[in-house]
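Each chain is listed here by its residues.
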Amino acid sequence: MRKTVLITGGNKGIGLETTRLFVQNNYKVITIARDYNNFEFNKNDNVEKIEYDVSNVNGIKDLVSKIGHVDIFVNNAGIMNSIPYDNYSEENRDKIMKINLYAPIEFIIQVSKSMIEAGTGRIVNTASIAGQIGHPDIWYGASKAGIINATKSFSTLLGPKGIVINAVAPGPVETNMMAVIPEQRKQSIKNSVFTDRFAKAEEVAKTIYWLATECPEYINGTCIDINNGAFPR
Ligand code: NAD
């Protein structure tokens, strides 16, 4: 029987390339996103699209119970702002923390229930280098540090129940998230992490796919750097 993978933010960027890999490998893919403009996959590809705003954290329990059991969960949806730390509104702070940290943790709690019953399951969280070395968007960095920490914590809680949970920490990746950043700032990002180029979304997707499928289960609770050898100054 076809295995099922649930991917948040599976419609764009890293999530889209992850969807593509799972489709190519004959999985049933369920994606969760706010919109599906220009999304190329449909039922014929065994892709089910759910429109949902993950900042509605309290609705995740119901959503996941309606979806039912999934074999793999890719916890990928996220946002980044370019707001100076002393100018952040309460609304923007709450929104980014809900999308980048509260929702991912709530998804893990809910999705893992049926994985525990099955005695097996895989979860991959999309963190960021920002959670390791800090970030000018202070709440973005904090949310990503939080998900790296949660990956470790959940591996000790869920590992003994048969669930493998890991994270990826990409450096800058060529997606819409970076497209809004001016060229000069992009160059300064490259300089600050000693890299000559940004990652391609496919490179991150391949790592997510490996963690979600083939990686030995003894690799649990870890966070894989995808950053071209970037080093914090
Ligand atoms: P992207 O903007 O192309 O994709 C973001 C995804 O999140 C989209 O699919 C979008 O639908 C989804 N999303 C955002 N808010 C949502 C909401 N409220 N409800 C439902 N879905 C929502 O950017 P991306 O680079 O592909 O980002 C994917 C993940 O990778 C994010 O968690 C991001 O923080 C992380 N990341 C990105 C970079 C980078 O440089 N692009 C680097 C490190 C980590």
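Residues numbered from 1 in each chain as written. Predicted model: local features only at pLDDT ≥ 70, side-chain atom pairs only at ≥ 80, totals over all residues.

The name that an unreviewed UniProt entry assigns to the chain is SDR family oxidoreductase, with the source organism given as Pelosinus baikalensis. Here is the UniProt Sequence similarities (unreviewed entry) comment for the chain, exactly as written: "Belongs to the short-chain dehydrogenases/reductases (SDR) family." (UniProt positions renumbered as here; feature names shortened; annotations may be inferred.)

A. Local environment of the overall build of the chain. Assigned secondary structure in the chain consists of 8 helices and 7 strands. A compact globule built from 233 residues should have a C-alpha radius of gyration of about 17 Å, and the chain, at 17 Å, falls within 12% of that. Taken along the three principal axes of its C-alpha coordinates, the chain extends 50 × 40 × 35 Å. Expressed as a percentage of the 233 residues in the chain, the buried residues total 40%. Of the contacts formed within the chain by residues at least 6 apart in sequence, a portion of 71% connects residues at least 24 apart. (Helix = DSSP H or I, 4+ residues; strand = E, 2+ residues; numbered from the N terminus. Rg over C-alpha atoms; globule rule 2.2 N^0.38 Å. Buried ≥ 20, exposed ≤ 12 C-beta atoms within 10 Å, placed from the backbone. Contact = placed C-beta atoms within 7 Å.)

B. Inspection of the nonpolar core at higher detail. By size, the foremost hydrophobic cluster in this structure holds 55 residues, and its most contacted members are V5 and I208. Beyond its immediate sequence surroundings of up to four residues, V5 is in contact with F22, Y27, V29, V70, D71, I72, V74 and A212. (Core = buried A, V, L, I, M, F, W, Y, C linked by C-beta atoms within 7 Å.)

C. Local environment of helix α5 (residues 138–158). Between the first and last C-alpha of α5 there are 30 Å, a value that for 21 residues agrees with the 30 Å anticipated at 1.5 Å per step. Looking at the buried positions of α5, the neighbouring elements they touch are α3 (90–118), β5 (121–126), α4 (130–133), β6 (163–170) and β7 (223–226). (Expected span 1.5 Å × (residues − 1).)

D. Highlighting the environment of T151. Tracing the chain through its elements places T151 in helix α5. Judged by the 26 C-beta atoms lying within 10 Å of it, T151 falls in the buried class. In the structure, T151 is positioned 20 residues away from G171 in sequence and 18 Å away in space, judged by C-alpha atoms. Filtering out sequence-adjacent residues up to four positions away, T151 remains in contact with N125, I165, N166, A167, G221 and C223.

E. Structural detail: the sheet that holds β7. With respect to topology, 7 strands assemble into an open sheet ordered β3-β2-β1-β4-β5-β6-β7, the strand pairing being parallel. Both edges of this open sheet fall to β3 (47–51) and β7, since each of them pairs with a single strand only. The mean angle between the axes of side-by-side strands here comes to 15 degrees, regardless of whether they run parallel or antiparallel. Alignment of strand β4 (residues 72–75) against β5, held across 4 bridges, turns out to be parallel. Across the sheet, residue V74 finds its bridge partner in β5, namely V124. (Pairing = 2+ DSSP bridges. Axes fitted to C-alpha atoms, helices over the stretch in contact; angles between N-to-C directions.)

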